[in-house]
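Architecture and fold: a report
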Amino acid sequence: MHHYAKRVHSLRVDDQEEVIIDKTILQPLAISSFTLPMFPHLKRLWWSDNSADALPLLCSLVNPKLEWLILHDADSMLLPCVVPHITSSNSLRVACFPAKCIMRHIHPDVFQNWRNLQNLVCGLVNDATLYHLTTSSKLTHLTIQVDETNDYSALMK
């Protein structure tokens, strides 16, 4: 199986009824005897399984070679557990989080570590994060929620 795992470059995990992974399988996969990461060449991950049982598997799939992380259908309550696993990724180019997800609690350093990020979709971010994102040389597409009560004038200086 390890040989096959090296060949996996893209993975899509949905929570649609016909493809739900049973929780008796999820836990062993997340703590498997594979050398982490389970799929060492995984570059694209689409994830929309919102079960708490699937969270450890999702975290185990995040690796330094990951270029695309698409979580826009994921439950925003799960993201604080996932984001710390992607802080050291210099390969990440596309990150899509739920638009309703408030990401203000995530420290700006997290986004600064994503040096090759070209496309970001997410919810509310704090001012320091927004400032960093506007100064990023590689970011070409940014979609965020704007807090109408926030005064962004300090960022315009």
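Residues numbered from 1 in each chain as written. Predicted model: local features only at pLDDT ≥ 70, side-chain atom pairs only at ≥ 80, totals over all residues. Heavy atoms only, no water.

A closer look at the overall build of the protein chain
Put simply, the test is: Each helix is a run of H or I in the DSSP string that is no shorter than four residues. Each strand is a run of E no shorter than two, and both are numbered from the N terminus. Burial classes: relative accessible area under 20% of the type maximum marks a residue as buried, over 50% as exposed, and values in between as partly exposed (1.4 Å probe, protein chains only). Any two residues having at least one pair of non-hydrogen atoms within 4.5 Å are treated as being in contact. Shrake-Rupley sampling with a 1.4 Å probe provides the accessible areas, and residues are treated as covered by the protein chains on show and by no other component.
Helix and strand counts for the protein chain come out as 6 helices and 6 strands. Taking all 157 residues of the protein chain together, the buried fraction comes to 41%. Nonlocal contacts in the protein chain, meaning residues at least 24 apart in sequence, comprise 53% of its contacts between residues at least 6 apart. For the protein chain, the accessible area works out to roughly 8,900 Å², and carbon and sulfur atoms hold 54% of it.

Some points on the packing of aromatic side chains
Short version of the rule: Two aromatic rings from Phe, Tyr or Trp, using only the six-membered ring of Trp, form a pair when their centres are within 6.5 Å; if the ring planes differ by under 30 degrees the pair is stacked, by over 60 it is edge-to-face, and anything between is tilted. Charge-over-ring placement is defined geometrically: NZ (Lys) or CZ (Arg) within 6 Å of the ring centre, and within 35 degrees of the ring normal.
If you walk through the whole model with that rule in mind, you get 3 aromatic pairs. With a centroid separation of 6.3 Å and 25 degrees between ring planes, the pair formed by Phe-97 and Trp-114 is classed as stacked. On the criterion of sequence distance, the pair formed by Phe-97 in the loop between β4 (94-96) and α5 (108-112) and Trp-114 in the loop between α5 and β5 (119-121) is long-range, its members being 17 residues apart. A relative accessible area of 1% means that Phe-97 is categorised as buried. A connected cluster of aromatic rings, assembled from ring pairs, spans Phe-97, Phe-111 and Trp-114. In this structure, Arg-44 packs its charged tip against the face of Trp-68, placed 4.1 Å from the ring centre.

Re the pairing of strand β2 (residues 44-47)
Side chains on a regular strand alternate between the two faces of the sheet. Rules: Strands were regarded as paired on the criterion that DSSP finds at least two bridges between them. A right-handed crossover is one whose linking path, passing over the helix from the first strand to the second, runs clockwise when the strands point away from the viewer.
Residue alternation in β2 divides its side chains into a buried set, Leu-45 and Trp-47, and an unburied set, Arg-44 and Trp-46. Bridge count between strand β1 (residues 10-13) and β2: 4 bridges; the pairing is parallel. Pairing of Leu-11 across the sheet is with Leu-45, part of β2. As paired elements, β2 and strand β3 (residues 68-70) share 3 bridges and run parallel to each other. Within the sheet, the bridge partner assigned to Trp-46 lies in β3 and is Ile-70. Following the chain from β2 across helix α3 (residues 55-61) to the adjacent parallel β3, one finds a crossover that is right-handed.

Some remarks on the state of the cysteines
Defined as follows: Note on disulfides: each one is a pair of cysteine sulfur atoms within 2.5 Å.
For the coordinates displayed, the defined rule picks out 0 disulfides. Not engaged in a disulfide, the cysteine Cys-96 finds its nearest cysteine sulfur in Cys-122; these two sulfurs lie 9.5 Å apart. Looking at Cys-122, the relative accessible area reads 1%, which means it is buried.

Concerning the nonpolar core
Basically, it comes down to this: Residues enter a nonpolar core if they are buried and are Ala, Val, Leu, Ile, Met, Phe, Trp, Tyr or Cys, with the set joined through side-chain atoms within 4.5 Å.
Among the nonpolar cores identified, the biggest contains 40 residues, and Leu-45, Trp-47, Leu-71, Phe-97, Met-103, Trp-114 and Leu-120 are the most heavily contacted of them. Of all the elements, α3 adds the most residues to this core, at 5 residues. Each residue touching Met-103, except ones within four places of it in the same chain, is listed here: Val-83, Phe-97, Phe-111, Cys-122, Gly-123, Leu-124 and Val-125.

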